[in-house]
Amino acid sequence: MFEKINEIIANIEEIRDEITILLGMAKISFVDYIMIKRGSMDMPEGIQNSVWEHLNEEVDKLKAQIDLLNKLKREMLVF
């Protein structure tokens, strides 16, 4: 079980690094990204569509890894 947890955490760290790079390219913060996705903030001009799409893909990967971690928690650590 610990191997699986370590693998998920390593994946999350890799994805985090990629997201950090993409946010830097887009010149926005992660909070800005969330607000844009929720419709609470307009997308700033100058963000390349390819960067935005790649950012969306990486965030989807992050959500999937977090879901895997939560699934492990529910399956193994509920007493």
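Below is a summary of the structure that appears in this document. Bear in mind that the values here come from a model prediction, so they are computed numbers and not experimental data.

## Re the environment of I28
Here is step 1: Mapped onto the fold, I28 is located in the loop between α1 (2-26) and α2 (30-38).
Here is step 2: When its relative accessible area of 9% is taken as the criterion, I28 is described as buried.
Here is step 3: Spatially, the C-alpha atom of I28 lies 32 Å from that of K4, the residues being 24 residues apart in sequence.
Here is step 4: Once residues lying within four places of it in the same chain are set aside, the contact partners of I28 are L23, Y33, I36, P44, I47, W52 and L55.

## Details of α1
Here is step 1: In this model, α1 (25 residues) spans 36 Å end to end at C-alpha, consistent with the 36 Å of a helix rising 1.5 Å per residue.
Here is step 2: If you check which residues of α1 are buried, you get I5, I8, I15, I19, L22, L23 and A26.
Here is step 3: In this fold, the buried residues of α1 make contact with α2 and α3 (49-76).
Here is step 4: Positive phi appears at K27, one or two residues downstream of α1, with a value of about 60°.

## Concerning the packing of α1 against α3
Here is step 1: Packing of α1 against α3 brings their axes to within 9 Å, and their N-to-C directions diverge by 160°. Taken together, the axes of α1 and α3 are roughly antiparallel relative to one another. For the element pair α1 and α3, the recorded crossing hand is left-handed. Contacts between α1 and α3 involve K4, I5, I8, N11, I12, I15, E18, I19, L22, L23, M25 and A26 from the former and V51, H54, L55, E58, V59, K61, L62, Q65, I66, L68, L69 and L72 from the latter.
Here is step 2: Here the residues of the contact of α1 with α3 sort into 17 nonpolar, three polar and four charged.

## A short note on the side chain of N56
Here is step 1: Relative to the helices and strands, N56 is located in helix α3.
Here is step 2: Taking relative accessible area as the criterion, N56 reaches 16% and is therefore assigned buried.
Here is step 3: Once residues within four sequence positions are removed from consideration, N56 is found in contact with Y33 and K37.

Rules used in this analysis
- Residue numbers run consecutively from 1 along every chain, following the written order of its sequence.
- Predicted model: local features are reported for residues with pLDDT of at least 70 only, side-chain atom pairs are reported and counted for 80 or more only, and whole-chain, interface and lining totals are derived from all residues.
- The basis for every side-chain value is the complete set of heavy atoms in the structure, and neither hydrogens nor water enter the calculation.
- Secondary structure is summarised from DSSP: a helix means a run of H or I of at least four residues, a strand means a run of E of at least two, and numbering begins at the N terminus for each.
- Working definition: with a 1.4 Å probe on protein chains only, accessible area under 20% of the residue-type maximum means buried, over 50% means exposed, and in between means partly exposed.
- Whether two residues are in contact is decided by their heavy atoms, any of which lying within 4.5 Å being enough.
- Expected helix span is given by 1.5 Å per residue-to-residue step, counting one fewer step than there are residues.
- Inter-axis angles, ranging from 0 to 180 degrees, are taken between N-to-C directions of lines fitted to C-alpha atoms, where helices are fitted over the stretch in contact.
- Roughly parallel here means an angle under 35 degrees, roughly antiparallel means over 145, roughly perpendicular means 65 to 115, and every remaining angle is called oblique.
- Each helix crossing is assigned a hand: it is left-handed if the near helix lies turned anticlockwise from the far helix by less than a right angle, otherwise right-handed if that turn is clockwise.
- Residues are sorted three ways: Asp, Glu, Lys and Arg are charged, Ala, Val, Leu, Ile, Met, Phe, Trp, Tyr, Cys and Pro are nonpolar, and all the rest, Gly among them, are polar.

Just distances and angles here, no functional claims.
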